Amino acid sequence: MAQPDYVPVTPSDRVREGEPLPPAKRWTATRPGEIVGLRPPVGDSFGVTGPDQGFGLKLAKRFTDRLELEPTERADDAISGCLGVGLKRASMFGRAPVIHDFDLAFSVFGFLGGAPRDLVEFRRPLFEAASHHYWDQRGIVDVVRAETLRLTPTEVRGRLGEWRTLIDAGGE
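What counts as what
- Residues numbered from 1 in each chain as written.
- Predicted model: local features only at pLDDT ≥ 70, side-chain atom pairs only at ≥ 80, totals over all residues.
- Heavy atoms only, no water.
- Helix = DSSP H or I, 4+ residues; strand = E, 2+ residues; numbered from the N terminus.
- Rg over C-alpha atoms; globule rule 2.2 N^0.38 Å.
- Buried < 20%, exposed > 50% of the residue type's maximum accessible area, 1.4 Å probe, protein only.
- Contact = heavy atoms within 4.5 Å.
- Lys, Arg positive; Asp, Glu negative; His and termini not counted.
- Charge placed at Lys NZ, Arg CZ, Asp CG, Glu CD.
- Core = buried A, V, L, I, M, F, W, Y, C linked by side-chain atoms within 4.5 Å.
- Salt bridge = Lys/Arg side-chain N within 4 Å of Asp/Glu carboxyl O.

Which parts of the structure should I look at to understand the overall build of the protein chain?
What the protein chain contains, in helices and strands, is seven helices and zero strands. Mapped from its N terminus to its C terminus, the protein chain presents α and β elements in the order α-α-α-α-α-α-α. Against the compact-globule benchmark of 16 Å for 172 residues, the protein chain has a radius of gyration of 27 Å, which places it well outside the compact range. Along the longest, intermediate and shortest principal axes, the C-alpha atoms of the protein chain span 95 × 35 × 30 Å. Split into buried and exposed, the 172 residues of the protein chain put 32% on the buried side. For the protein chain, the share of sequence-separated contacts (at least 6 apart) that also reach a separation of at least 24 residues comes to 65%. The averaged location of the 25 negative side-chain charges in the protein chain is 4 Å from the averaged location of its 23 positive side-chain charges.

In structure tokens form, the structure reads like this:
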């Protein structure tokens, strides 16, 4: 509220003008970790960016009761390993993850049933303690072929007998 003109004001109560700040200097991205350009960097171990990827963990955990695991396998290792596969598939299509991304991710490794014995033997060391090791999770994502991620979950389950065409098994 403004003070009326007839009210006496002592000099210490008068409004003082502040010191004006100089204009801001121009900023440029010169630090080593800055992303320069319109797209994030790509390459080994960068991962794949996409919208709402945190929701993917909630979707992946919905498969816990449906997983068909060997006695030495753990559900949290399967979820951690397949999470990245589902997120990569969603990011390839430029969208947030949906349940079908994780249906495919678990199917490609035979966690939803119908896995041949040699696929189970292949996945066992791959997923062992994956929930505790980020680089193991990245390795799981890297073995799934890009063309596999473009298939539907039903097509993947239909081709589990020829699983080596879906996964880059390396020396297998």
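Next comes the rest of the write-up.
Sorry if this is basic, but what is going on with the nonpolar core here?
Side chains of nonpolar character tend, in soluble globular proteins, to be buried together. Formed by 34 residues in total, the largest nonpolar core has its most connected members in L67, V85, F102, F106, F109, F111 and I167. Secondary-structure elements contributing two or more residues to this core are helix 1 (54–61), helix 2 (75–92), helix 3 (99–108), helix 4 (117–127) and helix 5 (134–143). When near neighbours in sequence (up to four residues on either side) are disregarded, I167 contacts V108, F109, L119, F122, V143 and R145.

When you look at helix 5 in this model, what are you seeing that I'm missing?
Turning to helix 5, its buried residues number three or more, namely R138, I140, V141 and V143. Each element contacted by the buried residues of helix 5 is listed here: helix 2 and helix 4.

I tried to follow the pattern of salt bridges on my own but got confused; where do I start?
When the charged atoms of two side chains lie near each other, side chains of opposite charge can form a pair. Summed over the entire model, instances satisfying the criterion amount to 11 salt bridges. The closest approach of N and O atoms between E121 and R124, which form a salt bridge, is 3.1 Å. Placement of both E121 and R124 in helix 4 is noted, with a separation of three residues, approximately one turn of the helix. We classify R124 as partly exposed; its relative accessible area is 25%. If you follow the salt bridges from partner to partner, you end up with E70, R117, E121 and R124 in one network.

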